[in-house]
Amino acid sequence: MGLKKLFTAQAAIKWGIPLIILILVGVFPVFHSTYYQTLITFALMYMTLSVAWTIFSGTTGYISLASAAFYGIGIYASALFGEKMPFFLVILIGGAASFIFAFIIGAITLRLRGIFFSMFTFGLVLLAYQVLIWYELTIKNIRGYFVVIQSDNAIFYYLLGLFIITIIVSYVLKRSKYGLALSSIGENENASEHIGVNVTLVKILTFSLSAVFMGAAGAIMATKLSYIDPNIAFDPMISFSPALMATFGGMGNIYGPVIGSVIFYFIQDRLQTGPLQNYYKLIFGAVLVGTIMYMPSGIVGLIQKLQKRISGAKSAPITG
Amino acid sequence: MHLLQGEKVTVAFGGLTAVSEVDFHVDKGEILGLIGPNGAGKTTLFNLISAAIPVKSGKITFKDTNITGKKPYQVTRLGIARTFQTVKIFGNLSVLDNVRLAALFGDPKRPSASQATKDAMELLEFVGLQKDPNSPARDLTLANQKRLEMARALAAKPELLLLDELMAGLNHTEVAEAMDDIRQVRDRGITIIMIEHVMKAIMSICDRIVVLNYGKKIAEGTPQEIANSKTVIEVYLGEECITGS
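Residues numbered from 1 in each chain as written. Chains lettered and ligands numbered in written order. Predicted model: local features only at pLDDT ≥ 70, side-chain atom pairs only at ≥ 80, totals over all residues.

Draft legend 1. Seen up close, the interface of chain B and chain A. Facing 25 residues of chain B, the contacting portion of chain A comprises 17 residues. Counting only elements with at least two residues in the side of chain B that touches chain A, the list comes to α2 (72-78) and α3 (95-106) of chain B. Among the elements that make up the side of chain B that touches chain A, the one with the highest residue count is α3(B) (six residues). Along the lines of polarity and charge, the residues of the side of chain B that touches chain A split into 12 nonpolar, seven polar and six charged. (Contact = placed C-beta atoms within 7 Å. Helix = DSSP H or I, 4+ residues; strand = E, 2+ residues; numbered from the N terminus. Nonpolar A, V, L, I, M, F, W, Y, C, P; charged D, E, K, R; others polar.)

Draft legend 2. Representation of the sheet that holds strand β6 (residues 80-82) of chain B. Residues and elements named next belong to chain B. On the basis of which strands lie adjacent, the open sheet formed by six strands has the order β6-β7-β8-β3-β9-β10 and mixed pairing. Every other strand in the sheet has two partners, leaving β6 and β10 (216-221) as the edge strands with one partner each. Mean inter-strand twist for the sheet, computed between neighbouring axes without regard to direction, equals 20 degrees. When strand β3 (residues 31-35) meets strand β8 (residues 191-195), the two strands line up parallel, connected through four bridges. Note on β8: the bridge partner recorded for Ile31 is Ile192. (Pairing = 2+ DSSP bridges. Axes fitted to C-alpha atoms, helices over the stretch in contact; angles between N-to-C directions.)

Draft legend 3. Focus on the pairing of β8(B). Residue and element names in this part refer to chain B. Counted residue by residue, β8 has five buried out of five residues, so it is predominantly covered. Burial along β8 is two-sided: Thr191, Ile193 and Ile195 facing one way and Ile192 and Met194 facing the other are all buried. Read as a crossover between parallel neighbours, the route from strand β7 (residues 160-164) over helix α6 (residues 172-187) to β8 is right-handed. (Buried ≥ 20, exposed ≤ 12 C-beta atoms within 10 Å, placed from the backbone. Right-handed = clockwise from strand over helix to strand, strands pointing away.)

Draft legend 4. Focus on unusual backbone geometry. Residues and elements named next belong to chain B. Within the chain, Glu21 stands out as a residue other than glycine whose phi angle is a positive 45 degrees. Relative to the helices and strands, Glu21 resides in strand β2 (residues 16-26). Glu21 sits in the partly exposed class, given 15 other C-beta atoms within 10 Å. Phi angles above zero are rare outside glycine, and Ala51 is one such case at about 70 degrees. Note that Ala51 resides in the loop between α1 (42-49) and β4 (57-62). The class for Ala51 is buried, based on 23 C-beta atoms found within 10 Å.

Draft legend 5. Representation of the packing of helix α4 (residues 87-109) of chain A against helix α9 (residues 199-222) of chain A in the model. Residue and element names in this part refer to chain A. One can describe the packing of α4 onto α9 by two numbers: an axis separation of 7 Å at closest approach and a directional angle of 145 degrees. The hand of the α4/α9 crossing is right-handed. Counting all contacts with α4, which are made through Val90, Ile91, Gly94, Gly95, Ala97, Ser98, Phe99, Phe101, Ala102, Phe103, Gly106 and Ala107, the residues of α9 involved are Lys203, Ile204, Phe207, Ser208, Ala211, Val212, Met214, Gly215, Ala216, Gly218, Ala219 and Ile220. Class assignment of the residues belonging to the contact of α4 with α9 gives a composition of 16 nonpolar, seven polar and one charged. (Left-handed = near helix turned anticlockwise from the far one by under 90°.)

Draft legend 6. Representation of the pairing of β10(B). In the sheet, strand β9 (residues 208-213) of chain B pairs with β10(B) via five bridges, with the strands oriented antiparallel. From the neighbouring strand, B:Val211 faces β10(B), where its bridge partner is B:Ala219.

Draft legend 7. Just the environment of A:Ile17, in detail. All names here are of chain A. Along the chain, the position of Ile17 falls in helix α1 (residues 2-31). Residue class for Ile17 comes out exposed when judged on the 11 C-beta atoms lying within 10 Å of it. C-alpha separation for the pair Ile17 and Asp152, spaced 135 residues apart in sequence, amounts to 26 Å.

Draft legend 8. Examining the sheet that holds β4(B) more closely. All names here are of chain B. The sheet built from four strands is open, its strands ordered β2-β1-β4-β5 with antiparallel pairing. The open sheet has two edge strands with one neighbour each: β2 and β5 (65-66). Where β4 meets β5, two bridges bridge the pair, whose relative direction is antiparallel. Pairing of Phe62 across the sheet is with Thr65, part of β5.

Draft legend 9. The arrangement of the confidence of the model for chain A in detail. Residues at a pLDDT of 70 or more form 92% of chain A, whose mean pLDDT is 85. Here α1(A) stands out as the element of chain A with the lowest mean pLDDT, 68, in contrast to α9(A), whose mean of 95 is the highest. (pLDDT = per-residue confidence, 0-100.)

Listed below in structure tokens is the structure:
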């Protein structure tokens with residue numbers, strides 16, 4: 001009886017609190033504070049990127065730095081198709097284009113392991129950037145594009161919707177047998193292959209799936225800017241941020257990347273606008289080094305460790 | 001028809017021929033022992049059969065299907081499962097998930113999630129690990145990790161099981177238990193090829209033994225024949241032992 005009560009209370013916390021927060025965020029634009037709405041919009045964007053990034057990199061341990069490339073593709077999709085098509089379709093195109101791009105890239109690069117994979121994916125961002133710069137300057141002769149802008153509320157709600165879908169997909173995938181297979185790849189890829197997992201296919205498809213959400217996020221966020229060019233679309237920080245935020249929050253649990261992005265983004269915002277703006281990157285770096293050295297499983301990992309110490313459990317629960 | 005047959009199987013790493021023109025076969029229901037000094041190419045031969053590395057020349061057939069050039073996961077689904085010389089369990093996954101994964105992906109019949117869990121629990125019971133199925137696999141002792149690896153391999157419903165030094169690092173009692181496990185696996189109708197350095201185990205449970213040295217097959221026969229073979233004793237103990245006695 002007591003155990004059952006505890007379980008339901010835990011379930012209420014697990015599902016109830018996020019739901020309440022989500023509803024609060026959802027009704028936020030009604031109260032209309034442009035500054036905070038923009039703040040939350042960006043937070044949602046980072047949350048989507050981090051959760052999407054964790055779908056592949058968090059479980060398999062392949063640290064992808066290609067996020068900016070997928071995000072940039074979404075932005076360009078928005079710039080190219082924004083005038084001709086409804087917003088919803090443009091977002092789908094952004095996601096689909098990123099999927100295809102990621103699929104091709106994945107097929108070529110996912111035999112690389114460790115740091116080589118990370119370096120290649122980051123090189124990809126720079127390559128896309130250079131190719132577009134070259135194209136725009138020498139062939140098109142005009143740098144950048146104008147983007148059809150959307151209302152702040154439209155952007156806000158589309159992002160919120162995208163974020164919810166990303167969370168749901170990430171959760172369902174994690175609970176499915178493919179989620180288990182992804183973890184096994186992260187643990188020991190060779191063994192995974194020998195128990196019957198088609199490792200290459202699982203890796204490529206998941207990598208591409210995570211790119212869909214990044215591309216869609218790019219397509220939405222592009223409409224917040226009236227003008228885009230490769231400099232804006234392929235910002236390397238977009239590659240690093242999701243990786244850092246997810247690490248900061250902890251990747252063993254679905255809340256990790258969400259909590260990590262929120263805290264990280266607000267710290268970033270405070271630092272960039274406050275009197276410390278000149279030291280922003282310095283502090284940013286120190287926080288990151290501290291995270292990796294002292295709490296490698298992130299904030300969520302730290303909380304779980306504390307919980308364990310309080311309850312005196314024999315071994316840490318396996319997150320799932 | 002043999003269950004598994006290799007014809008002139010060869011592989012080289014750079015200038016070193018690790019396995020050179022080895023012919024071998026195993027019949028259904030048999031326990032085949034694979035022995036030889038360190039570096040003889042035993043594990044390499046396992047890697048070739050399980051498709052971890054591609055064969056350079058020669059041919060391996062399993063149930064009349066040519067499996068050379070296949071991917072490891074395809075070979076597993078065809079019915080060849082293996083364990084590793086150094087255990088490769090998924091340490092941060094639960095004991096149950098380790099086995100469940102193999103049931104979900106390796107079993108060609110593609111069982112449902114609940115069926116896979118049931119199969120996995122049954123196998124954990126078989127190897128004696130049913131007590132704490134939800135604890136992380138890394139917490140197990142070495143002997144139990146090896147048992148887990150065997151359960152995981154069995155979850156793929158193999159017809160042929162490759163055991164790479166199952167008994168290395170185990171104490172006397174554990175070796176005896178492992179031997180018992182192997183016999184029970186055979187009684188389930190699964191054919192076994194095992195690499196082993198524990199001679200007592202090899203001699204008592206194998207039906208037939210193949211001896212490798214420097215990548216070549218130097219002897220083959222029943223345990224009795226191998227124990228008395230001059231070449232084998234030479235390889236293991238050196239030439240002087242025989243001439244000097």
